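# Architecture and fold: a report
Chain residues, written in single-letter form:
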Amino acid sequence: MSDHSEEVDDMREPARGVALITGGAGFLGSHLCERLMAEGMRVVCVDNFATGRAENLAHLADLPGFELREADLTRPFDPGEPVDTVFHLASAASPPDYLRLPVETLEAGSLGTRNALEVARRYGARFVLASTSEVYGDPLEYPQRETYWGNVNPVGPRSVYDEAKRYAESLTMAYHRAYGTDVGIARIFNSYGPRMRADDGRMVPTFVNQALAGEPLTVAGDGMQTRSLCYVDDTVRGLMALADSGVTGPVNIGSDEELSVLSLVRVVLNTTGSESGITFVERPQDDPRFRRPDIRLAREQLGWEPRVRLAEGLRRTVAYFADLRSGRDLNAEA
Ligand code: NAD
């Protein structure tokens, strides 16, 4: 948690109360749990370990005020105590994961979101939905503002994720309108950092681990497609700023520093000092060509913007995977 201490000073008054985090054993969820604990909240985390790992939370497990429960959110769930905030993150998120778990992903977005919203409704909690830039599909508007309705293929393989999240947003707004549930929708763009799985298929862990192993980096298509990468600490700070605001959104949370996949490859090779080459592979179906959020709304309404530059975020991420590969588990320093 040492990396976080300098940032806590300039945040809001320490939050109090109980937070329920669905999908808390995953990449983003584990960082969110850690950060909420550091702010003095009691954290109840629920996960079915479909794509997450209890090890991600091992350093919090024995702390007072933290609880990890194994449960599948697609079944009705009650935390058994009042909660103040529900952060709903439970869903496969990386393409290989959701393509391997198509029905489960649709169910996490539909039944899972319904069950998480029911908890918020029952206890009068604020509900924060971890939605995604994928609701914009292969965007025809650039950069993507929250007012853009998206360009999604509803029957393509990726639709299990995109449409699940679009439905989750719709259901969230329905609870807000029908029951007055206090909700906030975050459209998260590509995030990266320690505790991603080396094999989760997302670009950063794939490239970093290929570079560290001295293997060729596999670039899809010609590598000219763009992405905007947000360091995990910034993403988590954005989710917390949304939770602490009265903003309904949707609000884009992501970096507006855009770079091509080939540029990312160069930064990874520099950071790792690797001499790996590049292998070009086929681009997946419906893979978006451009991806860059317009984050004016988050700046204006949440006072949030990313702070960690790519070179620094990658340095921390490379250090994490290098330690993991050498057999050390430095979770606490992640
Ligand atoms: P992740 O796969 O690491 O974490 C998701 C967690 O949800 C895992 O721990 C998994 O076991 C759990 N889960 C899945 N289905 C469940 C169910 N039915 N019941 C209980 N737990 C369940 O993914 P992540 O990158 O940490 O993403 C977290 C959330 O943020 C997801 O909802 C994702 O759609 C969203 N998001 C992430 C990114 C990103 O770049 N990481 C971008 C946009 C949106």
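All figures in this text were calculated on a predicted structure; none of them were measured in a lab.

Since there are 3.6 residues in each turn of an α-helix, residues three or four apart along the chain are aligned in direction. Taking 1.5 Å as the rise per residue, helix α8 (residues 261-272) with 12 residues should run 16 Å; its terminal C-alpha atoms sit 16 Å apart, in good agreement. Its buried side turned inward, α8 meets α6 (203-213), β8 (217-220), β12 (258-260), β13 (278-281) and α10 (310-325). At the C-terminal side of α8, glycine 273 shows a positive phi close to 70°.

To continue, consider the site of the ligand. The environment of the ligand is formed by 30 residues, the closest being Gly23, Gly26, Thr51, Gly52 and Ala93. Of all the secondary-structure elements, those providing two or more residues to the shell around the ligand are α2 (27-38), β2 (42-47), α4 (102-123) and β5 (126-132). Considering every element that reaches the shell around the ligand, the biggest residue donor is α2, with three residues. Taken together, the residues that form the shell around the ligand break down as 14 nonpolar, 13 polar and three charged.

Now for the UniProt feature "domain: NAD-dependent epimerase/dehydratase" (unreviewed entry) in the chain. Within the UniProt annotation, "domain: NAD-dependent epimerase/dehydratase" (unreviewed entry) is assigned to residues 19-254. A distance of 23 Å separates the end C-alpha atoms of residues 19-254, which is 36% helix and 19% strand.

Moving on, we come to unusual backbone geometry. At the junction of tyrosine 142 and proline 143, the peptide bond is cis and its omega measures out at -10° in the coordinates. Tracing the backbone shows proline 143 in the loop between β5 and α5 (159-179). Cis geometry is adopted by the peptide bond preceding proline 250, which originates at glycine 249 and carries an omega value of 5°. Tracing the backbone shows proline 250 in the loop between α7 (232-244) and β11 (251-253). At arginine 195, a position not held by glycine, the phi torsion is positive, near 80°.

As a further point, take the environment of arginine 309. With respect to the helices and strands, the residue arginine 309 is situated in the loop between α9 (296-302) and α10. As for arginine 309 and arginine 325, which are separated by 16 residues in sequence, their C-alpha atoms are 24 Å apart.

Let us now look at the pairing of strand β4 (residues 85-88). By the alternation rule, side chains of β4 split into Thr85 and Phe87 and Val86 and His88, which are all buried. When strand β1 (residues 18-22) meets β4, the two strands line up parallel, connected through four bridges. Counterpart to threonine 22 in the pairing with β4 is histidine 88. In terms of strand pairing, β4 meets β5 through four bridges, oriented parallel.

Here we take up the environment of alanine 220. Summarising the element assignment, alanine 220 is placed in strand β8. When the 14 C-beta atoms within 10 Å are taken as the criterion, alanine 220 is described as partly exposed. Separated by 62 residues in sequence, alanine 220 and glutamate 282 place their C-alpha atoms 5.4 Å apart. Among residues more than four places away in sequence, those in contact with alanine 220 are Val281, Glu282, Arg283, Pro284 and Asp287.

About the criteria used
- Residues numbered from 1 in each chain as written.
- Predicted model: local features only at pLDDT ≥ 70, side-chain atom pairs only at ≥ 80, totals over all residues.
- Helix = DSSP H or I, 4+ residues; strand = E, 2+ residues; numbered from the N terminus.
- Expected span 1.5 Å × (residues − 1).
- Contact = placed C-beta atoms within 7 Å.
- Near = placed C-beta within 6 Å.
- Nonpolar A, V, L, I, M, F, W, Y, C, P; charged D, E, K, R; others polar.
- UniProt positions renumbered as here; feature names shortened; annotations may be inferred.
- Buried ≥ 20, exposed ≤ 12 C-beta atoms within 10 Å, placed from the backbone.
- Pairing = 2+ DSSP bridges.

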